[in-house]
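Examination of the molecular architecture
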Amino acid sequence: MCRYKQNQQSFNKFVDELAQNKTCTVLDMKLNCIGPEGAVSLGRALERNTILRKLDLSLNYIGDIGAIAIAKALECNTALVELDLSCDPYGYGLGPMIDNAGAVAIAKALKTNTTLEVLFLDWNDIGTEGCEAIREALEYNHTLTILRLGDFKIAEEVEGALYEKHQRRLLDMLNSDTKAPLNRSRVMFVGQGRAGKSATVRSLSLEGFVSEWNSTAGVDIKELRTSENKYWEEPWCYRDFTTQFAARLVFTPNGVTRKSQLPSSQNNNHQVSAAETVRVDYQTVPSKNSFGVLKGPDIMRESSNFFDAKRSIDSLTLSLWDFGGQEVFYSMHHLFLTKSGVYVVVFDMRELSEPSTRTEAKTYLLFWLRSIKLHAPNVSVLLVGTFLADIIEEKCNLQDIDKILRELTKLSFAEIVIPANFEHEDLIFFPIDNKEKMGIASLCDAIEQCARVDNSTSREVSVRWMTFLDSILGQKENQKAYLTFSDEVKSLGTNLGIHSVSEQEEALTLFHERGFLIHMTSTEILKNIVVLNPQWLIGALSKVICDGSIHINIDQFKEVGLEEDARVTYEKGLTSRDFLDFVWKSDQVEFFIDLMKRTMLLSKWDRESYLIPSLLRDTYVTPETDIVGLRCVFDFSASFLPNGVFQRLVCLCVELSSRNFGNTHSKLYENFAAIVLQQGMVRLLETKETQTVTLYVEDDSAAGNLLTIIQSMLQRVNSNVMGTGLTWETYVENSNTNELIRLSEAQPRKLPPWFNSDGMLGTKKTEIPSQSVDLDTFLGSL
């Protein structure tokens, strides 16, 4: 803001500086007694200025002389976007107002001006002649979006004509087959608990630092939109994506949207084909998108929507996903890591610089980098180190931290984005401080650039697809939490002219990747569920899968007599139906239980309770030599054994056992399980240090069959949860020499007891079922 009481000498100096200004973009000079002569000087400055975007000269009574000078500047100025020349309704006699002559001059300028979007001329003395001149100019001008002339009939008619012009263009666009980039990306913030992920998101949102911020449970989701001032802002609250998308297309020159260049070490070549489009009858769209002829305030409100769409041509909407950092969430997180978008790995530089905590910090960093590579091998990854102010105060060397990171990431993670034009040395990471706001602007810019060069962000979609999205999300107004694809979603698509099931599925995949909704596709049953609000689903799961010592208030369970249920849930991983009814408030309990079963987060334990393996806390510490049985080792050391794989193996084994024998004799630990299956006792041990899962078989006659079952379960976990990115080598123990032999080498040798005389695993042929079948069919085939 710049307010300036007029003084002839200093005003002239100010005008000279304005003409040469290279930094100021917004200038507020209302009520400064500038008058006609001052406006003439400002007009000459505007002819030369190429930076100023917003100028407020209201209540300055510049008259026709000043208006003519400003109009002359508008004929050549290519920067100004908003101009306010309005006066006061009670200001007659305070100075000259703009009359018809000034309005005619402004109209002449509007015929050639291609940048002005907002013009306020109300409460001047413009009559019919001036209004008609402006009405004629609007036939030539295609950029002016908001116009205020005054509160009288001819002025309202001209304002209405501008709105109706935009209305016609919008309706034409809504009924077209036009495509354009969605301009939306998903940004995922991951890292160790308490590393500062939530604080980083708050900093990027221009929110204040909160030192006692609660630990994130599950995932927190919010939306921000990039803006011309390089910071991110809350998008408009309305949820009519179709109209907003079409309005943006109306103002997009030749349908081309900007795509910036990224200072990065990677080149993402991922391509997704767009579906064929057909003409849409827009009458099938909800009535909130229908436009009638509006006047007065209604015109201004709707024109503001046009203006917002025009200003957002180059902006991106970013769906920010802040993942909780506690290990208990990791099994669940794999369900929501997408193949596209931008990943931000946040770490505490103090932990990495301190020798006593360095090993653990490196372990968490590697876990997240490997998890990202597993789900999204081609995305941009930014490393962000927090608590920069503390590092500077303690005189730690950023280059030492950089050296650790380079050693940690060499050869394996070429997708990491290297900071460019950063204020610090040539680093592989972004050092920031959320409390002192250090490095935030550079990080903000880097994330935006990564999102812009991601090919998935620039993928074009049609207006029809956006209408499909609105029709799906609009069901929330009917108190719907989720829809079935086979009935409800298909019907919505068909009503909009999308008859192809494959096209509907392609659209849902896009909406899922961009964070609008959740649509899992690993099995046919999961594919039939479309969750309308991702935060609703994740929030519900996180009420159960969480760290009981951090996220649970035990007093709430005492009050309803469920204190013991809560204790057993978060110590033994066994939860009761009463507990689930309470935390989910008896709302959609069956839906959540079924979903957790099908995503292998929960299994039935007995008639009254369920097992949630990710909540198991006791660790098996007895030496491996004390575990009885021949060994079969699934070795992931050449790649990665993520959290959640072993837990899902246990989940499947327990579910299978509960259907046959029950779990009376089962023993469960965080890293060990002994479970009775029909084929015999299964003992499974996870060893994180060696990245292995070991199967121990006590009954030789069941060895081949049990190996087949566990191998099949691993393949299901890989296919349904890990994006088929897991790789492992299988070894079996020679019962005579205790030597471990590759499975591929043991088969030709028909090594007993794993292979029978026909070279098959076990005593009978066991077919591995398709990984896309539903859970009941899968378990029934084992």
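So, here is what we can say about the structure in this document. If you're wondering where the values come from, they're calculated on a predicted model, not measured in any experiment.

**What about the packing of aromatic side chains?**
Counted by the stated rule, this structure contains 22 aromatic pairs. Taking the centre distance of 5.1 Å and the plane angle of 25° together, the rings of Phe-557 and Phe-579 count as stacked. Note that Phe-557 is positioned in helix α22 (residues 554-558) and Phe-579 in helix α24 (residues 577-583), a separation of 22 residues in sequence. The class for Phe-557 is buried, based on a relative accessible area of 1%. What makes Phe-579 buried here is its relative accessible area of 0%. Seen in terms of ring centroids, Tyr-620 and Tyr-669 are 5.4 Å apart; in terms of plane orientation they differ by 70°. Their pairing is edge-to-face. Here Tyr-620 is found in the loop between β19 (609-611) and β20 (630-635), whereas its partner Tyr-669 is found in the loop between β21 (667-668) and β22 (672-677), with 49 residues between them in sequence.

**What to know about the sheet that holds strand β2 (residues 54-56)**
Strand order in the open sheet formed by 5 strands is β1-β2-β3-β4-β5, and the pairing between neighbours is parallel. Two strands bound the open sheet, and with one partner strand each, they are β1 (26-28) and β5 (146-148). Ignoring strand direction, the axes of neighbouring strands in this sheet form an average angle of 5°. The pairing of β2 with strand β3 (residues 82-84) spans 3 bridges and is classified as parallel. What sits directly across from Lys-54, in β3, is Glu-82.

**Some words on the state of the cysteines**
Under the counting rule described, the total for this entry stands at 0 disulfides. Free cysteine Cys-653: the closest other cysteine sulfur is in Cys-651, separated by 9.6 Å.

**Description of the packing of helix α2 (residues 35-48) against helix α3 (residues 63-74)**
Viewed as axis vectors pointing N to C, α2 and α3 meet at an angle of 5°, and their least axial separation amounts to 8 Å. In terms of orientation, α2 and α3 fall into the roughly parallel class. Here Pro-36, Ala-39, Val-40, Gly-43, Leu-46 and Glu-47 of α2 come into contact with α3, specifically with Ile-65, Gly-66, Ala-69, Ile-70, Lys-72 and Ala-73. In terms of residue class, the contact of α2 with α3 is built from 8 nonpolar, 2 polar and 2 charged.

**Notes on helix α23 (residues 563-572)**
Of the positions making up α23, those classed as buried are Ala-566, Thr-569 and Tyr-570. With its buried residues spanning 80° around the axis, α23 presents them on a single face. Taken from the residues just after α23, Gly-573 is the one with a positive phi, measuring 75°.

**Notes on helix α8 (residues 241-250)**
Residues spaced three or four apart along an α-helix point in a common direction, a consequence of the helix completing one turn every 3.6 residues. Most of α8 is tucked away, with 10 of its 10 residues classed as buried. Turning to α8, its buried residues number three or more, namely Phe-241, Thr-242, Thr-243, Gln-244, Phe-245, Ala-246, Ala-247, Arg-248, Leu-249 and Val-250.

**Observations concerning the environment of Arg-683**
Assignment of secondary structure puts Arg-683 in strand β23 (residues 680-687). A residue is classified by how much of its surface remains accessible, and Arg-683, at 16% relative accessible area, is buried. In the structure, Arg-683 is positioned 16 residues away from Lys-667 in sequence and 9.2 Å away in space, judged by C-alpha atoms. When sequence neighbours within four positions are dropped, the list of residues in contact with Arg-683 reads Ile-627, Val-628, Phe-672, Ala-673, Ala-674, Thr-694, Leu-695, Tyr-696 and Glu-698. Within the structure, the side chain of Arg-683 is placed 3.1 Å from the side chain of Glu-698, a separation counted as a polar contact.

Rules used throughout
- Residues numbered from 1 in each chain as written.
- Predicted model: local features only at pLDDT ≥ 70, side-chain atom pairs only at ≥ 80, totals over all residues.
- Heavy atoms only, no water.
- Phe/Tyr/Trp six-rings, centres within 6.5 Å; stacked < 30°, edge-to-face > 60°.
- Helix = DSSP H or I, 4+ residues; strand = E, 2+ residues; numbered from the N terminus.
- Buried < 20%, exposed > 50% of the residue type's maximum accessible area, 1.4 Å probe, protein only.
- Pairing = 2+ DSSP bridges.
- Axes fitted to C-alpha atoms, helices over the stretch in contact; angles between N-to-C directions.
- Disulfide = S-S within 2.5 Å.
- Parallel < 35°, antiparallel > 145°, perpendicular 65-115°, else oblique.
- Contact = heavy atoms within 4.5 Å.
- Nonpolar A, V, L, I, M, F, W, Y, C, P; charged D, E, K, R; others polar.
- Arc of directions from axis to C-beta.
- Polar contact = N/O pair within 3.5 Å; in protein donor to acceptor, adjacent residues only side chain to side chain.

These results come straight from atomic positions and should not be treated as a statement about function.
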